[in-house]
Amino acid sequence: MKNTIEPIGDDEERGELKRVMGPGLLLLFIVGDVLGTGIYALTGQVAAEVGGVVWLPFLIAFVVALLTACSYLELVTKYPKAAGAALYTHKAFGIHFVTFLVAFAVMSSGITSAATASRAFAANFSTSLGLDVGSFGVPLIAVGFIALVAAINFRGVGESVKLNVLLTVVELTGLLLIIGIGLWAIAGGQGDVSRAWTFEAPEGGGAFWPVVAATTLAFFAMVGFEDSVNMAEECKKPSKIFPKVLLGGLAITGTIYVLVAISAITLVPAAELGEGETPLLKVIQAGAPAFPVGVFAVITMFAVANSALINMMMASRLLYGMSREGVLPASLGKVHSARRTPYIAIIFTSLLAVALILFAGGVKELGGTTALLLLCVFAIVNVAVLILRKDKVSHKHFRTPTILPVLGALTCAFFAGPWTGRDPIQYVIAGCLLVLGTVLWLATVQFMRTASQSA
C-alpha cells in the first residue's frame, strides 16, 4: 500500500512536525550520517594502533553499534516520536535530572560534531581555493557555514533531506572511488594484500588492548545511526519502516568501511597511512596518481558539510521533542506557522554551535569526547529498553532479543572506560560538559517553576 502524508491541517492543529520522509529518504539520511567525517580522517589513526588489520576495529565497532541499534529499533517503533534517547530515558526512569543530562549529552555530541565539521569545511574550503584567510578567517567561514545550515534547516526537513541526498551521494562516491581504486590495484598486482592480515602494535606486546584502543577510535565513525530516531515524527509510518531501513543502512556503511580499510592498507603501508590528517588522499595518490587531488578534496568537504547538516537537524529536533515532553521550556517546542519547523530550537542550537566554533578547539579531542558521551548514552538506552518491556502499547513494534541489549550495555560501558587507552582529556571535556548541563538543568527548573507560579 502506498504511504500517505498526514494532512498539514492536522499537523498545524496538534503542533506536530510534517511527515515527509519515506524509506528511501530515511535510508539516505542514515547512510549519510554514518558516512560522515570519521572514515575520511580516522583510517590512518586506526592503522597507527593496529597496523595492517585496520579493518578489524571498524568491524568490531560495527558489531557494537548494531547491538545498540536493535535497542533503538524497539524503542523508536514503540514510541515513534522525536527526542530519541532522552525520551526513552524519561519514560524508563522518570527522573527529570537524568533525562535532562542524557538530552544534553546527545545534543552536545551533535552540536560539537557539527561545529567540528564546520571548522573542517572552512579549512578545506580555504585550502582548496588557495585562500590565505589567517587565523580568524577559518572560524568566520565556519560561522557563515553554520548560518547557511541553519537557514536550510529552518526552511524545512524536506529541503534539508533533499540536500542530504545530494551530499550523501557525493561522499559515498568518494568512498566507492577508494574501494574501486583498491580493487583495481589488487587485480593488477599492485599493492600488498597480505598487509591486511598483519598486526603491528605501536609498542609491541599483545593484540587485545591495541585493538580495543583502535576500536574506540573507529567507533566515532559508526555513530550517527542514533540521529535518525530523532526524525521519527517526520517519517511516514515509522513503526513499519524503521527496522529494515536502519539495519540496512548500518549493513551498507559497515561493509563500505571494511572495504575502504582493506583498500587503503593494500596500497599504503600502515606507518605511512598513520601520518598526517589525509589518509585517504594518500590512497588516491598511490593507486591513481593521475586523479586530480583537488576533486577529492572537494568530496571531503562535501562529506563534512553533510555531517554538520544532519547533526544540526538532529539537535534541533531533540530539543523540540523534549520540550513537548515537559523536560525543557515549552518555547523550545514552538513550530513555525508557515514552515512547520522548530525554529526556536534551530536558533538555540545554531548559536551554541557558533560558540563552540569560536571558543573551542581540538578536533581529535572533541571527536573522542563525542564518542565517549554517546557510548554512555547508548549504555543507558540498552538498560532502558529492558525496563520499558513492562510498558505495553496498542500497536505492533519491533522487539529485540533480550540478550542483545544486555550485551549492548556491557560493551558500551566497556569501551567508555579509561582502560581502553582513551586520552584523559576526553574525560575532562565530558566532565565540563556535564557540569554545564547540571547548571542549565538548575536554570531550567527555576525557569519552569517561575513560569508555573506566574500562570
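Reading the values: the criteria
Residues numbered from 1 in each chain as written. Predicted model: local features only at pLDDT ≥ 70, side-chain atom pairs only at ≥ 80, totals over all residues. Heavy atoms only, no water. Helix = DSSP H or I, 4+ residues; strand = E, 2+ residues; numbered from the N terminus. Buried < 20%, exposed > 50% of the residue type's maximum accessible area, 1.4 Å probe, protein only. Contact = heavy atoms within 4.5 Å. Areas by Shrake-Rupley, 256 points an atom, 1.4 Å probe, with all protein chains shown as cover. Axes fitted to C-alpha atoms, helices over the stretch in contact; angles between N-to-C directions. Parallel < 35°, antiparallel > 145°, perpendicular 65-115°, else oblique. Nonpolar A, V, L, I, M, F, W, Y, C, P; charged D, E, K, R; others polar. Polar contact = N/O pair within 3.5 Å; in protein donor to acceptor, adjacent residues only side chain to side chain. Salt bridge = Lys/Arg side-chain N within 4 Å of Asp/Glu carboxyl O. Disulfide = S-S within 2.5 Å. Expected span 1.5 Å × (residues − 1). Bend = angle between axes of the 7 residues up to and from the residue. Core = buried A, V, L, I, M, F, W, Y, C linked by side-chain atoms within 4.5 Å. Patch = residues over 30% accessible without salt bridge, like charges linked within 9 Å, V, L, I, M, F, W, Y side chains within 5 Å. pLDDT = per-residue confidence, 0-100.

1. Points about the overall build of the protein
Thought 1: A count of helical and extended segments in the protein gives 17 helices and zero strands.
Thought 2: Scored against the burial criterion, the 455 residues of the protein give a buried share of 53%.
Thought 3: Excluding contacts between residues fewer than 6 apart, the proportion of contacts in the protein whose partners are at least 24 apart in sequence is 82%.
Thought 4: Carbon and sulfur atoms form 69% of the exposed surface of the protein, whose accessible area is close to 18400 Å².

2. Overview of the packing of helix α4 (residues 55-78) against helix α10 (residues 238-267)
Thought 1: Viewed as axis vectors pointing N to C, α4 and α10 meet at an angle of 175°, and their least axial separation amounts to 10 Å. The orientation of α4 relative to α10 falls into the category roughly antiparallel.
Thought 2: Looking at side-chain class alone, the contact of α4 with α10 contains 21 nonpolar, three polar and no charged residues.

3. Thoughts on the side chain of Glu 74
Thought 1: Mapped onto the fold, Glu 74 is located in helix α4.
Thought 2: On the accessibility criterion, Glu 74 (1% relative accessible area) is buried.
Thought 3: Polar side-chain contacts of Glu 74 include one of 2.7 Å to the side chain of Arg 389.

4. Topic: the pattern of salt bridges
Thought 1: Applying the stated criterion across every chain yields a total of one salt bridge.
Thought 2: Glu 74 serves as the salt-bridge partner of Arg 389, at 2.7 Å between the closest nitrogen and oxygen. In this pair, Arg 389 sits in the loop between α15 (363-387) and α16 (403-415) while Glu 74 sits in helix α4, placing the two residues 315 residues apart along the sequence. Residue Arg 389 shares its accessibility class with Glu 74, and that shared class is buried.

5. Some remarks on the state of the cysteines
Thought 1: Taken as a whole and assessed by the stated rule, the structure comprises zero disulfides.
Thought 2: Among the cysteines around Cys 376, which has no disulfide bond, Cys 412 carries the closest sulfur, lying 9.1 Å off.

6. As for helix α9 (residues 208-222)
Thought 1: Spanning 15 residues, α9 covers 20 Å between terminal C-alpha atoms, matching the ideal 21 Å at 1.5 Å per step.
Thought 2: Considering bend angle alone, the principal kink of α9 is centred on Thr 216 and spans about 30°.
Thought 3: Burial analysis of α9 places 13 of its 15 residues in the buried class, which makes it a mostly covered element.
Thought 4: Phi for Gly 224, located one or two positions after α9, is positive at around 130°.

7. Structural notes on the side chain of Thr 341
Thought 1: For Thr 341, the position within the fold is in the loop between α13 (293-324) and α14 (343-359).
Thought 2: Within polar-contact distance, the side chain of Thr 341 engages the backbone oxygen of Phe 154 at 2.8 Å.

8. Focus: the nonpolar core
Thought 1: With 130 residues, the main nonpolar core has Phe 58, Tyr 72 and Phe 225 as its most contacted residues.
Thought 2: Sort the elements by how many residues they give to this core and α13 lands first, with 16 residues.

9. What to know about the environment of Thr 173
Thought 1: Within the secondary structure, Thr 173 is located in helix α8 (residues 157-187).
Thought 2: For Thr 173, a relative accessible area of 43% gives the class partly exposed.
Thought 3: C-alpha separation for the pair Thr 173 and Phe 296, spaced 123 residues apart in sequence, amounts to 9.9 Å.
Thought 4: For Thr 173, the side chain forms a polar contact with the main-chain oxygen of Val 169, separated by 2.6 Å.

10. What to know about a nonpolar patch on the surface
Thought 1: A surface patch of nonpolar side chains, amounting to about 410 Å² of accessible area, comprises Leu 386, Ile 403, Val 406, Leu 407 and Leu 410.
Thought 2: Considering every element that reaches the nonpolar patch, the biggest residue donor is α16, with four residues.
Thought 3: Relative to the helices and strands, Val 406 resides in helix α16.
Thought 4: The class for Val 406 is partly exposed, based on a relative accessible area of 34%.

11. Observations concerning the confidence of the model for the protein
Thought 1: Taken as a whole, the protein shows an average pLDDT of 80; of its residues, 86% reach a score of 70 or greater.
Thought 2: Mean pLDDT across the elements of the protein ranges from a minimum in helix α1 (residues 8-14), with 39, to a maximum in α16, with 96.
Thought 3: With pLDDT under 50 throughout, residues 1-15 is counted as low confidence; its partners more than four residues away or in other chains account for 24 contacts.

12. Here we look at the environment of Ile 30
Thought 1: Relative to the helices and strands, Ile 30 resides in helix α2 (residues 23-34).
Thought 2: For Ile 30, a relative accessible area of 0% corresponds to the buried category.
Thought 3: Taking the C-alpha atoms as reference, Ile 30 lies 7.9 Å from Leu 250; in sequence the two are 220 residues apart.
Thought 4: Setting aside anything within four residues of it in sequence, one finds Ile 30 in contact with Ser 228, Val 245, Leu 246 and Gly 249.

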